[in-house]
Amino acid sequence: MDYDDDDDDIPQLSSHTLAALQEFYLEQQQREGMKTSQGFNQYSIGSIEEDWQLSQFWYSEETASCLANEAIVAAGKGGRIACVSAPSVYQKLKEQDGKDFSVCILEYDRRFSVYGEEFIFYDYNHPLNLPENLLPHSFDIVVADPPYLSDECLQKTAETIKYLTKGKILLCTG
């Protein structure tokens, strides 16, 4: 038998798809170039890229700044701020270094461990599995953005928030 075997054909992208892919690679190269340049700030939004597998979507600079400023005002002088699954708000807060507040990040993505002692591994599936030194009601405000829009995720994240906050909450959802 004589078969026309199309499986031997090399797949090809449409010109539109190929152009989009090239644009993506160029943007990726530019981001990597920024990371190695002298002016790189480890706290800038995008210094750690979104991981869609972890349902990560960073806020815009404007939104992150607005949320960070609201948290600072709510925390007050010498206040403590916890960012639960809200890394771009944490990064914006850290860019304001020298302000009179302290901040930590509770995050599942271990890439954020580059932030040292301020990073606390957090899995919403185990909402109270927190380090012993993280005392109840020890934060003036908790900024939280649960990774998934499900009742289960929101309820478990709410357990963490209630444990951490003295009362003030800034809750964001997609």
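Procedures and definitions
Residues numbered from 1 in each chain as written. Predicted model: local features only at pLDDT ≥ 70, side-chain atom pairs only at ≥ 80, totals over all residues. Heavy atoms only, no water. Helix = DSSP H or I, 4+ residues; strand = E, 2+ residues; numbered from the N terminus. Contact = heavy atoms within 4.5 Å. Pairing = 2+ DSSP bridges. Axes fitted to C-alpha atoms, helices over the stretch in contact; angles between N-to-C directions.

**Concerning the side chain of Ser85**
Summarising the element assignment, Ser85 is placed in the loop between strand E1 (79-84) and helix H3 (87-95). Look past the residues within four positions of Ser85 in its chain and what remains in contact with it is Leu106, Glu107, Tyr122, Asp145 and Pro147.

**Here we look at the sheet that holds strand E4 (residues 139-144)**
The pairing of strands in a sheet comes from backbone hydrogen bonds and takes either a parallel or an antiparallel form. Taken in spatial order, the 5 strands of this open sheet run E3-E2-E1-E4-E5, and their pairing is parallel. For this open sheet the edge positions go to strand E3 (119-121) and strand E5 (165-171), each flanked by a neighbour on one side alone. Neighbour-to-neighbour, the strand axes of the sheet open up by a mean angle of 25°, direction not taken into account. Summarising the sheet, E1 and strand E2 (residues 101-107) pair through 6 bridges and their orientation is parallel. Pairing of Cys83 across the sheet is with Ile105, part of E2. The strands touched by H3 within the sheet are E1, E2 and E4, with E2 carrying the most contacts at an inclination of about 155°. Its contacts with the sheet put helix H4 (residues 151-164) on E1, E2, E4 and E5, and the angle it makes with E5 is roughly 140°.

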